[in-house]
Amino acid sequence: MSTAQVIPPRSGAAFDLKRGQYLTVIDPEGRQVSDLLVFNADDLDEVISSGRTLDYASRVYLTTGDPLYSNRSNVMLTIVEDMVGRHDFLLTPCSKDTFRIIYGDTDPHRGCFGNLLAALEPWGIAADRIPTAFNCFMNVPIDGATGAFTVEPPLSRPGDHIRFRAEMDLVIALTACSALQSNGGSFKPIHYRIEEADDA
Ligand SMILES: [Zn+2]
């Protein structure tokens, strides 16, 4: 088993993930969100799509067995293992604007949005090309009648993980989320591991 890579609190990383490889996103301390972005490595205009994925799943909460689709309706990742069963795919990455508008910060942190953008800079991906991320471990319960939702602490316990299989050659960007409300009031690291099919 390969060594886990560490994403420090309130930061991000980006890396290649080849078709057939597995990505495991681990919450080492518990109650920490990780925003996941996915691009087709061969054509960066093909990108993960919340709208298409939720439409095809007919469900808002995704888990083991669910595919994550691109804006071109190709499967980019499949969730192959999920120890938590509650993730968000509705809300935008937290950003300077999130902290200004929701938290009233006067000198806001760049958030997951800024961290994703910085991590993707080597691939030349600009801010306007960043879509809604798949927010691993983010807990957003929804009132089925009114559609009202709240952002609650993640249900993940220390060491819990979610594992994905790459269905095409991908560029992945991943964060340790920077929003207090999403992470039970404290900022913690995220770990991840890339594995070949044989050692997953
Ligand atoms: Zn965030």
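What counts and what doesn't
- Residues numbered from 1 in each chain as written.
- Predicted model: local features only at pLDDT ≥ 70, side-chain atom pairs only at ≥ 80, totals over all residues.
- Helix = DSSP H or I, 4+ residues; strand = E, 2+ residues; numbered from the N terminus.
- Rg over C-alpha atoms; globule rule 2.2 N^0.38 Å.
- Buried ≥ 20, exposed ≤ 12 C-beta atoms within 10 Å, placed from the backbone.
- Contact = placed C-beta atoms within 7 Å.
- Pairing = 2+ DSSP bridges.
- Axes fitted to C-alpha atoms, helices over the stretch in contact; angles between N-to-C directions.

The chain carries the name Urea carboxylase-associated family protein in an unreviewed UniProt entry, which gives Sphingomonas aurea as its organism.

Right, let's talk about the overall build of the chain for a bit. When helices and strands are tallied, the chain shows three helices and 11 strands. Computed over the C-alpha atoms, the radius of gyration of the chain is 16 Å, within 12% of the 16 Å expected from 2.2 N^0.38 for a compact globule of 200 residues. Principal-axis analysis of the C-alpha atoms places the extent of the chain at approximately 45 × 40 × 35 Å. A buried classification covers 42% of the 200 residues belonging to the chain. When contacts within the chain are restricted to residue pairs at least 6 apart in sequence, those whose partners lie at least 24 apart make up 75%.

Strands sit in the order β1-β11-β3-β9-β7-β6 across an open sheet of six strands; the sheet is antiparallel. Two strands bound the open sheet, and with one partner strand each, they are β1 (5–7) and β6 (67–69). The mean inter-strand angle of the sheet, taken between neighbouring strand axes irrespective of direction, is 25°.

Across the seven residues that make up strand β9 (residues 160–166), a large majority, seven, are buried. Here β9 shows a buried face lined by Asp160, Ile162, Phe164 and Ala166 and a second buried face lined by His161, Arg163 and Arg165. Pairing of strand β3 (residues 22–27) with β9, which is carried by six bridges, proceeds in the antiparallel orientation. Note that in β9 the partner of Val25 across the bridge is Ile162. In the sheet, strand β7 (residues 75–82) pairs with β9 via five bridges, with the strands oriented antiparallel. Looking at the pairing, Asp82 lines up with Ile162 of β9.

All right, on to the environment of Ile79 then. Among the secondary structure elements, Ile79 is positioned in strand β7. Residue classification places Ile79 among the partly exposed positions, given that 19 C-beta atoms sit within 10 Å. Remark: the alpha-carbon pair of Ile79 and Ile162, spanning 83 residues in sequence, is separated by 7.4 Å. Sequence-distant contacts of Ile79, defined by excluding residues within four places in its chain, comprise Leu62, Thr63, Thr64, Gly65, Asp66, Ile162 and Phe164.

Turning to unusual backbone geometry, a few remarks are in order. Note: most residues except glycine have negative phi, and most peptide bonds are trans. Located in the positive-phi region is Arg10, a residue other than glycine, with phi close to 55°. When you line up the elements, Arg10 lands in the loop between β1 and β2 (12–17).

The next thing to look at is the environment of Ala126. Residue placement: Ala126 occurs in the loop between α3 (111–119) and β8 (134–136). Take Ala126: there are 9 C-beta atoms within 10 Å of it, and that puts it in the exposed class. For the pair Ala126 and Arg100, spaced 26 residues apart in the sequence, the C-alpha separation amounts to 21 Å.

On to the pairing of strand β5 (residues 43–47), then. In terms of strand pairing, strand β4 (residues 34–40) meets β5 through two bridges, oriented antiparallel. In the strand pairing of β5, Phe39 is matched with Val47. Taken together, β4 and the strand that follows it, β5, pair antiparallel across an intervening segment of two residues.

Of all nine residues in α3, eight are buried; the element is thus mostly enclosed. Burial in α3 covers these residues: Gly111, Cys112, Phe113, Gly114, Asn115, Leu116, Leu117 and Ala119. Buried residues belonging to α3 abut β2, β4, α2 (96–101) and β10 (170–175).

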